[in-house]
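The chain contents come next:
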Amino acid sequence: MSVAQPPTAQSVAETVAISAEHVSMTFQAQGRQTVALADVNLDVVPGEFISLLGPSGCGKSTLLRLIGDLLQPTSGTLRVKGKTPERARRDREYGIVFQAPVLYDWRNVTRNVQLPLEIFKVPAAERERRTKDLLALMGLRDFAQSYPWQLSGGMQQRVAIARALSFQPSILLMDEPFGALDEMTRERLNMELLNLWHQTGTTIIFVTHSIPEAVFLSTRVVVMTPRPGKIERIIPIDLPRPRDASTRETPGYFEYITQVRACLREEHVL
Amino acid sequence: MALGRAAGTAAPPIVRGRPLAFPAKYGPRVAAPALVLVAVLSLWQFALHSYQVPPPLDIAAAIRDNRDTIWTGVRVTFWEEALRGYIAGCGLGFLFGVVCARFDWLRRGVIPYAVASSSIPIIGLAPVLIFWFGLEWPSKAAVVAVMTFFPMLINTVVGLTSFDALSRDLLTSYAAGGWTTFTKLQLPTAMPLVFNGLKICSVLSLIGAVIAEYFPGPINGLGFQLQNDASSGVWNLVWAYTVVTCLVGILFYSVLLIVERSVTFWHVSYRSN
């Protein structure tokens, strides 16, 4: 990514990247109603790194999908840069990274990264240029012609991130992107993600069930609890930046982890 | 810091395929089946044959002595009947499959009958098709088309609808339309099953054409001559026609296999090769 989002745009719509007001989501399955989300309120400032943290069933993925317009709320209002989520999706504001890499096996790494650019009718020369930059940025240069099934899980997820960044979306939605990876790979990708975020200024919503991961990455951690899924508390993480491996050894880091754990314990989640 | 530099250079480069080592790679794959073939043919030639099942060398001689008639038979049965029926049946099956995959209600309505259709004795339709299309090749091709239509339809529909939900969500997040989803996701995902259908139908098409010739029609196809020689007890020729029909079928299937490999090289079933 060569160009960071300019921080100069100060229209009203852009002072809040994402806002959720009284958002609820009820699923109906076999005549039974399940309240996945109850009365969620959240404002996200542009350029923030927000983690949605909680156990399975707390609605964190549901909230992410609502923001990304892959689901529509039962009630309440969502606004993304002052627009409806659908409008924002059509304006290609979202880069999404799922827990699985979701790469197309019949496309090599380069062509996977170019998929959104093809759909957006970006000229071939421009596609090539951006892909080259991104693959270099993600340490995938030597794998440009490889197929997804020839790569390790961590590599595949890097390709997925490169693909999400290829069209320079203003919001990155990440649904447990490193959940299926081993601890070492996960920590390394955490670092890389932080660096990317610093370089691009993208607003990131990051779903995870790892407390250390959430604390390490985020500007704010949104702690969620299940039955019904709701926001329990929003904890700002004031650890100095840039954060690196040594951040994980500071007392402040452990204090935040303790604080989040205490919050989850109060709700009998831990 | 260059992101992922460490990981990018630490991992070994990926080499596609394996080094060519002839005996190790091709030995068991080619030699083992060849040995079995020679063993079976020898046993057949020298021990196990009867009046109705002549030894292989006699069959080979019959093929050699009747190559002109046999070649005409291949032209009529494969080129005029099986192949044309195959193209019509598979083509329509694929197109209707695309429509069924697009409209859910149509798919739900049609698929159960398409599956059940495999139990219909298509041969019962042959007289009807002769009545409609006449005695020449079109009626035989029609039998083949009817036989190949449903397997192709089912494979196409299942193939086009077997993509996973996240792959579709990804395209939704790009605000991709129906046509984009079809070309970028559904069609590539469907290819392994489409080729599965094409391969099954290649075998069916020859069976269909041979059987269709048991009914009134051209008198120079493989099926007609097979039946004719069987009723007059010329067993050498019966087997000659049978073997040639098999060879044509194997050739047809192999061509499809080669095309399939180049199109679906990415599929799990081919990756290790």
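A.B. asks: Please give an account of the overall build of chain B that cites residues and values.
C.D. replies: Scanning chain B from N- to C-terminus turns up 12 helices and 0 strands. Reading chain B from its N terminus to its C terminus gives the helix and strand order α-α-α-α-α-α-α-α-α-α-α-α. Looking at chain B as a whole, 40% of its 273 residues are labelled buried. Across chain B, the fraction of contacts at a sequence separation of at least 24, relative to all contacts at a separation of at least 6, is 74%. When the accessible surface of chain B is totalled, it reaches about 14900 Å², and 72% of it is carbon and sulfur.

A.B. asks: Explain the side chain of aspartate 229 of chain B to me, and be specific about the residues and the numbers.
C.D. replies: Residue and element names in this part refer to chain B. Here aspartate 229 shows up in helix 10 (residues 222-231). Within the buried set, aspartate 229 has no salt-bridge partner at all; the shortest N-O distance to an opposite charge, 16 Å, is to arginine 67. In this structure, aspartate 229 is in contact with Val234, Leu237, Val238 and Tyr241, ignoring residues within four places of it in sequence.

A.B. asks: Help me get a handle on the sheet that holds strand 1 (residues 18-29) of chain A, residues and values and all.
C.D. replies: All names here are of chain A. Ordered in space as 2-1-4, the 3 strands form an open sheet in which the pairing is antiparallel. Each edge of the sheet is formed by a strand with only one pairing partner; in this case those strands are strand 2 (32-44) and strand 4 (75-80). Taking each pair of neighbouring strands and ignoring which way they run, the sheet shows an average axis angle of 30°. Where strand 1 meets strand 4, 5 bridges bridge the pair, whose relative direction is antiparallel. Its bridge partner lying in strand 4, serine 19 is registered against arginine 79.

A.B. asks: Residues and numbers for helix 11 (residues 235-263) of chain B, please.
C.D. replies: Residues and elements named next belong to chain B. Its 29 residues give helix 11 an end-to-end C-alpha distance of 42 Å, which sits within 8% of 42 Å, the value for a rise of 1.5 Å per residue. Leu237, Val238, Ala240, Tyr241, Val244, Thr245, Val248, Gly249, Phe252, Leu256 and Glu260 are the residues of helix 11 that are buried. On its buried face, helix 11 is in contact with helix 3 (56-65), helix 4 (67-102), helix 9 (178-212), helix 10 and helix 12 (268-271).

A.B. asks: Break down the packing of aromatic side chains for me, citing the residues and quoting the values.
C.D. replies: Under the definition given, this model contains 18 aromatic pairs over all chains. On the basis of an interplanar angle of 65° and a centroid distance of 4.8 Å, the ring pair of tyrosine 86 of chain B and phenylalanine 252 of chain B is categorised as edge-to-face. Within this pair, whereas tyrosine 86 of chain B is found in helix 4, its partner phenylalanine 252 of chain B is found in helix 11, the two being separated by 166 residues in sequence. Residue classification places tyrosine 86 of chain B among the buried residues on the basis of a relative accessible area of 6%. Here phenylalanine 149 of chain B and phenylalanine 150 of chain B contribute two aromatic rings whose centre-to-centre distance is 5.0 Å and whose plane-to-plane angle is 85°, an arrangement assigned as edge-to-face. Phenylalanine 149 of chain B sits in the buried class, given a relative accessible area of 18%. Taking the ring centre of phenylalanine 216 of chain A as reference, the NZ or CZ of arginine 248 of chain A above it sits at 3.9 Å. Here the guanidinium or amino end of arginine 84 of chain B rests over the ring plane of tryptophan 137 of chain B, the centre of that ring lying 4.4 Å away.

A.B. asks: Account for the sheet that holds strand 5 (residues 94-97) of chain A, with residues named and values stated.
C.D. replies: Residues and elements named next belong to chain A. A sheet is described by the order of its strands in space; here 6 strands give the open sequence 5-6-7-3-8-9, paired in mixed fashion. Sheet topology places strand 5 and strand 9 (230-236) at the edges, where each strand pairs with a single neighbour. Along the sheet, successive strands turn relative to each other by an average axial angle of 15°, direction set aside. Of the strand pairs in this sheet, strand 5 and strand 6 (residues 171-175) are connected by 4 bridges, and their pairing is parallel. Note on strand 6: the bridge partner recorded for isoleucine 96 is leucine 173.

A.B. asks: Go over the pattern of salt bridges, please, and point to the residues and values.
C.D. replies: All names here are of chain A. Scanning the entire structure with this criterion turns up 25 salt bridges over all chains. For lysine 83, the salt bridge is made with aspartate 91, and the minimal N-O distance between the two is 2.8 Å. Across the pair aspartate 91 and arginine 87 runs a salt bridge, and its minimum N-O distance is 2.8 Å. Sharing partners across several salt bridges, the network here consists of Lys81, Lys83, Arg87, Asp91 and Glu93.

A.B. asks: If you had to explain the pairing of strand 6 of chain A to someone new, which residues and values would you point to?
C.D. replies: All names here are of chain A. Extensive coverage of strand 6 is indicated by the burial of 5 of its 5 residues. With burial as the criterion, each face of strand 6 is covered, one bearing Ile171, Leu173 and Asp175 and the other bearing Leu172 and Met174. Pairing of strand 6 with strand 7 (residues 203-208), which is carried by 5 bridges, proceeds in the parallel orientation. Note on strand 7: the bridge partner recorded for leucine 173 is isoleucine 205. In this region the chain leaves strand 6, passes through helix 7 (residues 183-200) and returns to the parallel neighbour strand 7; the handedness of that crossover is right-handed.

A.B. asks: Before we move on, can you summarise a nonpolar patch on the surface with the specific residues and values?
C.D. replies: Residues and elements named next belong to chain B. Among the surface-exposed residues, Leu125, Val128, Phe131, Trp132 and Phe133 lie close enough to one another that they form a single nonpolar patch of about 570 Å² accessible area. Tracing the backbone through its elements, the reader meets tryptophan 132 in helix 6 (residues 126-133). Overall, tryptophan 132 belongs to the exposed group, its relative accessible area being 62%.

A.B. asks: Residue-level account of the interface of chain A and chain B, with values.
C.D. replies: Counting residues at the interface gives 40 residues for chain A, matched by 28 residues for chain B. Taken together, both faces of the contact between chain A and chain B bury some 3100 Å²; the carbon and sulfur share is 67%. Linking chain A with chain B are 2 salt bridges, by the criterion used here. Here aspartate 169 of chain B and arginine 65 of chain A are joined by a salt bridge, their closest N and O atoms 2.4 Å apart. The tally of links between chain A and chain B comes to 4 residue pairs in polar contact (both at pLDDT 80 or more). Secondary-structure elements contributing two or more residues to the side of chain A that touches chain B are helix 3 (85-90), strand 5, helix 4 (109-119), helix 5 (124-137), helix 6 (153-165) and helix 7 of chain A. At 5 residues, helix 7 of chain A tops the list of elements feeding residues into the side of chain A that touches chain B.

A.B. asks: Describe the confidence of the model for chain B, listing the residues and the values that go with them.
C.D. replies: Averaged over chain B, the pLDDT score is 85; the fraction of residues at 70 or greater is 89%. Considering only residues more than four positions removed or in separate chains, one finds that residues 1-21 of chain B, a stretch of pLDDT under 50, has 36 contacts.

A.B. asks: Account for the environment of threonine 110 of chain A, naming residues and giving values.
C.D. replies: Residues and elements named next belong to chain A. With respect to the secondary-structure elements, threonine 110 resides in helix 4. Considered as a pair, threonine 110 and threonine 84 are 26 residues apart in the sequence and their alpha carbons are 32 Å apart. Setting aside anything within four residues of it in sequence, one finds threonine 110 in contact with Thr131, Leu135, Ala144 and Gln145. At 2.8 Å, the side chain of threonine 110 forms a polar contact with the backbone oxygen of alanine 144.

What counts, and at which threshold
Residues numbered from 1 in each chain as written. Chains lettered and ligands numbered in written order. Predicted model: local features only at pLDDT ≥ 70, side-chain atom pairs only at ≥ 80, totals over all residues. Heavy atoms only, no water. Helix = DSSP H or I, 4+ residues; strand = E, 2+ residues; numbered from the N terminus. Buried < 20%, exposed > 50% of the residue type's maximum accessible area, 1.4 Å probe, protein only. Contact = heavy atoms within 4.5 Å. Areas by Shrake-Rupley, 256 points an atom, 1.4 Å probe, with all protein chains shown as cover. Lys, Arg positive; Asp, Glu negative; His and termini not counted. Salt bridge = Lys/Arg side-chain N within 4 Å of Asp/Glu carboxyl O. Pairing = 2+ DSSP bridges. Axes fitted to C-alpha atoms, helices over the stretch in contact; angles between N-to-C directions. Expected span 1.5 Å × (residues − 1). Phe/Tyr/Trp six-rings, centres within 6.5 Å; stacked < 30°, edge-to-face > 60°. Lys NZ or Arg CZ within 6 Å of the ring centre and 35° of its normal. Right-handed = clockwise from strand over helix to strand, strands pointing away. Patch = residues over 30% accessible without salt bridge, like charges linked within 9 Å, V, L, I, M, F, W, Y side chains within 5 Å. Buried area = accessible area lost by both parts, 1.4 Å probe. Polar contact = N/O pair within 3.5 Å; in protein donor to acceptor, adjacent residues only side chain to side chain. pLDDT = per-residue confidence, 0-100.

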